[in-house]
Amino acid sequence: MKNNFTMKIVKFLICLIIVSGISKSALLAQVTPVAKPPVPAPVAPVNVTPATLLSTQKLAIAGLAHDHVHNILGDYRDGKVIIVGIAEADKQLRDRYQKQYNLPDSILFDDLKKMIAAKKPEVVLGYNPVAKHIDIVEVCAPLGISVMVEKPLAATLAQASRMEFLALKYYIKLLTNYETTWYPSYQHVYDVAAKDSLGQIRKMVVHDGHQGPKEIGCSKDFTNWLTDPELNGAGALNDFGCYGANLMTWLMNGQKPIAVTAVARHFKRQTYPKVEDDASIFVEYPTATGIIEASWNWPFSIKDLEVFGDEGYMHALDKDNVVTRINNNPAVTRIAAPLAAPDDNPVSYLQLVTRNRLKGIADRSSLKYNMIVMQILDAAKRSIAEGKRIVL
């Protein structure tokens, strides 16, 4: 009996506790507001800075068979240039680039004349085979449209002379783009030499090339004409010999050499059956000599420049690094200062030149200097063919 009474007391107390808890919870619910989920703080809109235009000109492209076209199309994709038209007869080539760079149908044409008539570009950039640079100028010059082509200016001296005639007749700018023009190291060498810090320039040596266009993976569309003696004008001699001829003309302030002697080698006949893959060109000036070594047989890619003067030596090892040695002082290696805009990019430079008629007359891209380049290359080919020194 006592146990039953005890159990009843325990049950009563448990119920009392439970009821008290519920009542307390209900009471708290009435006086305490239900917490709302936190509201996230407003997020400030992200300020997406648009790409800085390298040029405000309406540009057009003639040809897509040169792998260097990836540079300008990359700028277009990144919003840095305004391309109003692209002319390329090869539909497969057009389709490939359209897909890769998301090009709109509205800017693609199969003919240069039709593209120019529809889009009215200010300047045309040539990325077609070198022997067809002249075709661009034949169309553009009478319309007053300036042209920039990839190096060299032409496949032959005869083509270059016709292009020069058209450019002068119709008052257009006809420029040639070299990768090395935008190397800070080369500009530094030129600036030091121009101040006479090296003394009189006596010797210039330029090495240019790589393991070979097929070996480094150039596209078939590119190598098909690059290794054709008619479409490229030669093999490694034109492809890389033009760099040295251009740099020496620049360093010698547009002076024409007095003679050229050259030797060509054909080491890779199975790979490049139609053209030489190695060339050495000896260029004579009244007070200096130049040695151009152009090859598709280097063990690695190379573009360097050596300049020897009476009092010093400079070696641009690559795009940025320069070794300097004045007299018997220890050699010093430094990184060249970046080029200042707009002279740091072919597109911004192009706008400067075409809108300022005094620019681009005597520099590495100029028609004047590149006609001398074509004379050096032509003399080198004649020297190889005739086995003798060619006097200019």
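Higher on the page you've got the structure.
For the structure given in this document, a descriptive report is provided here.

Scoring rules and cut-offs
- Residues numbered from 1 in each chain as written.
- Predicted model: local features only at pLDDT ≥ 70, side-chain atom pairs only at ≥ 80, totals over all residues.
- Heavy atoms only, no water.
- Buried < 20%, exposed > 50% of the residue type's maximum accessible area, 1.4 Å probe, protein only.
- Helix = DSSP H or I, 4+ residues; strand = E, 2+ residues; numbered from the N terminus.
- Contact = heavy atoms within 4.5 Å.
- Phe/Tyr/Trp six-rings, centres within 6.5 Å; stacked < 30°, edge-to-face > 60°.
- Pairing = 2+ DSSP bridges.
- Axes fitted to C-alpha atoms, helices over the stretch in contact; angles between N-to-C directions.
- Core = buried A, V, L, I, M, F, W, Y, C linked by side-chain atoms within 4.5 Å.
- Salt bridge = Lys/Arg side-chain N within 4 Å of Asp/Glu carboxyl O.
- Expected span 1.5 Å × (residues − 1).
- Parallel < 35°, antiparallel > 145°, perpendicular 65-115°, else oblique.
- Left-handed = near helix turned anticlockwise from the far one by under 90°.
- Nonpolar A, V, L, I, M, F, W, Y, C, P; charged D, E, K, R; others polar.

## With respect to helix H2 (residues 69-77)
In an α-helix there are 3.6 residues to a turn, and that puts residues three or four apart on one side. Residues of H2 that are buried: Val69, Ile72, Leu73, Gly74 and Asp75. Of the surrounding elements, those touching the buried residues of H2 are strand E1 (58-62), strand E2 (82-87), helix H3 (91-101), strand E4 (123-126) and helix H10 (346-355). Looking one or two residues past H2, Gly79 carries a phi angle of roughly 75°, positive in sign.

## Notes on the packing of aromatic side chains
Evaluation of the coordinates by the stated rule reveals nine aromatic pairs. Seen in terms of ring centroids, Tyr190 and Trp250 are 4.3 Å apart; in terms of plane orientation they differ by 5°. Their pairing is stacked. Remark: Trp250 occurs in helix H9 (residues 236-251) and Tyr190 occurs in helix H7 (residues 184-194); sequence separation between them is 60 residues. Note on Trp250: relative accessible area 5%, which makes it buried.

## Topic: the side chain of Asp239
Considering the arrangement of structural elements, one finds Asp239 in helix H9. Of the residues examined, Asp239 reaches a relative accessible area of 7% and is grouped as buried. In this structure, Asp239 is in contact with Lys151, Leu226, Asn232 and Trp296, ignoring residues within four places of it in sequence.

## Some remarks on the sheet that holds strand E5 (residues 146-150)
Ordered by their spatial adjacency, six strands build an open sheet running E3-E2-E1-E4-E5-E6, and the pairing between neighbours is parallel. At either end of the open sheet lies a strand with only one pairing partner, and these are strand E3 (108-109) and strand E6 (174-177). Lying over the sheet, helix H4 (residues 112-119) contacts E1, E2, E3 and E4, oriented at roughly 150° with respect to E2. Taken strand by strand, helix H5 (residues 133-140) contacts E1, E4, E5 and E6, and its axis lies near 175° from that of E5.

## Comments concerning the side chain of Asn246
Mapped onto the secondary structure, Asn246 falls in helix H9. Ignoring anything within four residues of it in the chain, the contact list for Asn246 reads Tyr178, Arg364, Asn370 and Val373.

## Things to note about the sheet that holds strand E14 (residues 332-335)
Taking strand neighbours across the sheet as the criterion, the nine strands line up as E14-E13-E12-E11-E7-E10-E9-E8-E15 in an open arrangement whose pairing is mixed. Of all strands in the sheet, those bounded by a partner on one side alone are E14 and strand E15 (390-391). Two strands pair when backbone bridges link them, and strand E13 (residues 321-326) and E14 are joined in this way by four bridges, in the antiparallel orientation. Along E14, the bridge assignment pairs Thr324 with Val332. With respect to the sheet, H9 is in contact with strand E7 (201-209), strand E9 (278-284), strand E10 (289-295) and strand E11 (302-309), its orientation differing from that of E10 by roughly 155°. Sheet strands in contact with helix H11 (residues 367-386) are strand E8 (259-265), E9 and E15, and its direction is about 60° off that of E8.

## Looking at the nonpolar core
In a soluble, globular protein the nonpolar side chains are often hidden away together inside. Residues Ile61, Ile72, Leu73, Ile86, Leu112, Val124 and Leu153 are the most contacted members of the largest nonpolar core, which totals 109 residues. Not counting residues up to four positions away in its chain, the partners in contact with Leu112 are Ala62, Ala87, Val124, Ile136 and Val139.

## Description of the pattern of salt bridges
The full count for this structure, using the stated rule, is 15 salt bridges. A salt bridge links Arg162 to Glu138, with the nearest nitrogen and oxygen atoms 2.9 Å apart. Highlighted residues: Arg162 in helix H6 (residues 157-170) and Glu138 in helix H5, separated in sequence by 24 residues.

## So, H6
Over its 14 residues, H6 runs 20 Å from end to end, which matches the ideal 20 Å to within 8%, given 1.5 Å per residue. Each element contacted by the buried residues of H6 is listed here: H5, E6 and H11. Directly after H6, the chain includes Tyr171, whose backbone phi takes a positive value near 55°.

## Observations concerning the pairing of strand E12 (residues 312-316)
Every other side chain in a regular strand lies on the same face of the sheet, so the side chains alternate between the two faces. Burial runs high along E12: four of the five residues are buried. Sheet topology note: the E11/E12 ladder contains four bridges and is antiparallel. The residue of E12 that forms the bridge with Val307 is Met314. As consecutive antiparallel partners, E11 and E12 are separated by two residues.

## Examining the packing of H7 against H9
Where H7 meets H9, the axes come as close as 11 Å, and the angle between the chain directions of the two elements is 30°. Considering the angle they form, H7 stands roughly parallel to H9. In this structure, the crossing between H7 and H9 has a hand that is right-handed. Of the residues in H9, those in contact with Tyr186, Gln187 and Tyr190 of H7 are Leu247, Trp250 and Leu251. The residue makeup of the contact of H7 with H9, split by class, is five nonpolar, one polar and no charged.

## As for unusual backbone geometry
Omega for the bond connecting Lys151 with Pro152 falls within 30 degrees of zero, at -15°, which places this linkage in the cis form. Along the chain, Pro152 falls in the loop between E5 and H6. Geometrically, the link from Ala341 to Pro342 is a cis peptide bond, its omega value of 5° lying close to zero. When you line up the elements, Pro342 lands in the loop between E14 and H10. In this model, Tyr171 sits at a positive phi of 55°, which is unusual for a non-glycine residue. For Tyr171, the location among the structural elements is in the loop between H6 and E6. Residues other than glycine seldom take positive phi values, yet Asp196 does so here, at roughly 65°. Mapped onto the secondary structure, Asp196 falls in the loop between H7 and E7.

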